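One letter stands for each residue in the lines below.
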Amino acid sequence: MLGQPIARRLAQRTCTTWRLDKAAWSPPLQPPSKQARRWQHPGTAATNSQGDSRGAAGWALRRGLFYFIFGLAFSTIGAYGSWHTLKRQGLGFYSDEESLKRFTPEEADAEARRIEDTINKLPLVAEQRRRPEMVESRPHLKMPGQYRARSLTGSALTGPGKVPVPAYAWVEKGGKSLVSVVYVGEDLCGHPGIVHGGFLATMLDEGLARCCFAALPHNIGVTANLDINYRKPTPAGSYLVLRAETTKVEGRKAWVRGHVESVPAPGEEPTVYADATALFVSPKYAAMMPRIT
């Protein structure tokens, strides 16, 4: 008898506790969407936030990459179109034959006339002109005036006392070898009376590169490595000969060796002033670059 009232009181307390628990832990009013459930992992709400952040970062990266490629493509097309416009306006590069006709020493410039005559009378020059496999040009005169005006060797280093007369060059077809002749004046010295080593380095860099261009894709390359040995002091106010030979070509790469020597007197051997080896690479964007030879 006594147990019945106690049992009823226990039942009432249990019901009250259940109602309180039900109210405290009631589910959300709106269930999660299918998309949320698809990305949801049991017990890892923080993981969902991290995944959303990664997704947003990935989307931002893809969008940035798209705009970069889009801008690069249009810049390249614009540069290419500008270059062809310049060519139509007569501002393009000149041919080998045309370059030979673009320099005539002024009547008042006695030094330039003397140097030009001396070069054309050298036995070495006559020998190169008899070789059918060699193509003659004056490389810096292949550049249009606007381009040459900003060229170190085509403008800044030229003129009285420097390089008064544009150099001659003979390149073997296929980019196999090169011979070039130039006169260097008294105003390009390091030590008094001695040609600056930096000028010789520039001369070798350009000459060795020009030697191998025809063997590279799109006939152009940039210097990847240049190793120079200075053998003897180079006297200023003298005629110099640059000889180069392409030793190996692999795809977009070409290896070249060469040296700068004197113009010897009859019956004498030339003096080697500096020699060098170099590696040149044709850039992947070479098709869009203007040719400089």
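In short, a report on the structure.

Scoring rules and cut-offs
- Residues numbered from 1 in each chain as written.
- Predicted model: local features only at pLDDT ≥ 70, side-chain atom pairs only at ≥ 80, totals over all residues.
- Heavy atoms only, no water.
- Helix = DSSP H or I, 4+ residues; strand = E, 2+ residues; numbered from the N terminus.
- Buried < 20%, exposed > 50% of the residue type's maximum accessible area, 1.4 Å probe, protein only.
- Contact = heavy atoms within 4.5 Å.
- Areas by Shrake-Rupley, 256 points an atom, 1.4 Å probe, with all protein chains shown as cover.
- Pairing = 2+ DSSP bridges.
- Core = buried A, V, L, I, M, F, W, Y, C linked by side-chain atoms within 4.5 Å.
- Phe/Tyr/Trp six-rings, centres within 6.5 Å; stacked < 30°, edge-to-face > 60°.
- Lys NZ or Arg CZ within 6 Å of the ring centre and 35° of its normal.
- Polar contact = N/O pair within 3.5 Å; in protein donor to acceptor, adjacent residues only side chain to side chain.
- 1 Å grid on protein atoms, 1.4 Å probe; cavity = no way out; pocket = protein on both sides within 12 Å on 5 of 7 lines; lining within 4 Å.
- Points joined across faces, edges and corners; volume = space filled by probe spheres on them.
- Axes fitted to C-alpha atoms, helices over the stretch in contact; angles between N-to-C directions.
- Salt bridge = Lys/Arg side-chain N within 4 Å of Asp/Glu carboxyl O.

As for the overall build of the chain
Line of reasoning, step 1. A count of helices and strands for the chain gives 9 helices and 7 strands.
Line of reasoning, step 2. Within the chain, the fraction of its 293 residues that count as buried is 32%.
Line of reasoning, step 3. Taking the contacts inside the chain whose residues are at least 6 apart along the sequence as the reference set, 71% of them involve residues at least 24 apart.
Line of reasoning, step 4. Entry remark: accessible area of the chain is about 18700 Å², with carbon and sulfur atoms responsible for 58%.

Quick word on the pairing of strand β7 (residues 272–281)
Line of reasoning, step 1. Counting buried residues in β7 gives 8 out of 10 residues, a clear majority hidden from the surface.
Line of reasoning, step 2. Looking at chain direction, strand β6 (residues 253–262) and β7 are connected through 9 bridges and run antiparallel. Within the sheet, the bridge partner assigned to Ala254 lies in β7 and is Phe280.

Details of the nonpolar core
Buried together is how nonpolar side chains tend to be arranged in soluble globular proteins.
Line of reasoning, step 1. Phe199, Leu208, Leu240, Leu242, Val260 and Phe280 are the most contacted members of the largest nonpolar core, which has 31 residues in total.
Line of reasoning, step 2. Every element with two or more residues in this core is listed here: β3 (177–184), α9 (197–212), β5 (238–250), β6 and β7.
Line of reasoning, step 3. It is α9 that provides the largest number of residues to this core, a total of 8 residues.
Line of reasoning, step 4. Counting 15 residues, the second-largest nonpolar core is a separate cluster that includes Met134, Tyr168, Val181 and Tyr239.

A short note on the packing of aromatic side chains
Line of reasoning, step 1. All told, the structure shown has 3 aromatic pairs when counted by the stated rule.
Line of reasoning, step 2. Consider the rings of Phe93 and Tyr147, whose centres lie 5.1 Å apart with planes at 70°: the pair is edge-to-face. Residue Phe93 is found in the loop between α3 (45–88) and α4 (96–99), and its partner Tyr147 is found in helix α7 (residues 145–148); the two are separated by 54 residues along the sequence.
Line of reasoning, step 3. Aromatic pair Tyr168 and Trp170: ring centres 6.0 Å apart, planes at 15°, arrangement stacked.
Line of reasoning, step 4. Judged by its relative accessible area of 5%, Tyr168 is buried.
Line of reasoning, step 5. Here Trp170 falls in the buried class, since its relative accessible area comes to 1%.
Line of reasoning, step 6. Over the ring of Tyr168 we find Arg129, and its NZ or CZ is 5.4 Å from the ring centre.
Line of reasoning, step 7. One residue, Lys248, lies across the ring of Trp255, its end atom 4.3 Å from the ring centre.

Topic: the side chain of Ser151
Line of reasoning, step 1. When you line up the elements, Ser151 lands in the loop between α7 and α8 (152–156).
Line of reasoning, step 2. Of note is the side chain of Ser151, whose polar atom sits 2.9 Å from the backbone nitrogen of Gly154.
Line of reasoning, step 3. When sequence neighbours within four positions are dropped, the list of residues in contact with Ser151 reads Met143 and Ala156.

Remarks on the layout of surface pockets
Line of reasoning, step 1. Its volume calculated, the second largest pocket comes out at about 490 Å³.
Line of reasoning, step 2. What lines the second largest pocket is a set of 29 residues, among which His140, Thr153, Val163, Ala167 and Val182 lie closest to the centre.
Line of reasoning, step 3. Broken down by secondary-structure element, the contributors of at least two residues to the lining of the second largest pocket are α8, β2 (168–172), β3 and α9.
Line of reasoning, step 4. Here the element with the most residues in the lining of the second largest pocket is α9; it accounts for 6 residues.

Remarks on the sheet that holds β3
Line of reasoning, step 1. On the basis of which strands lie adjacent, the open sheet formed by 7 strands has the order β1-β2-β3-β5-β6-β7-β4 and antiparallel pairing. The open sheet has two free edges, formed respectively by β1 (134–137) and β4 (222–230), since each of these has just one partner strand. Taken over all neighbouring pairs, the strand axes of this sheet differ in orientation by 20° on average, direction set aside.
Line of reasoning, step 2. Summarising the sheet, β5 and β6 pair through 10 bridges and their orientation is antiparallel.

Things to note about the environment of Phe213
Line of reasoning, step 1. Examined against the element boundaries, Phe213 turns out to sit in the loop between α9 and β4.
Line of reasoning, step 2. Considered as a pair, Phe213 and Ala254 are 41 residues apart in the sequence and their alpha carbons are 8.6 Å apart.

Considerations on the pattern of salt bridges
Line of reasoning, step 1. One pass over the full model with this rule turns up 9 salt bridges.
Line of reasoning, step 2. Between Lys142 and Asp96 there is a salt bridge, with its nearest N and O atoms 2.7 Å apart. Separated by 46 residues along the polypeptide, Lys142 in the loop between β1 and α7 and Asp96 in helix α4 bring together distant segments of the chain.
Line of reasoning, step 3. Residue classification places Asp96 among the partly exposed positions, given a relative accessible area of 26%.

None of this, on its own, says anything about what the molecule does.
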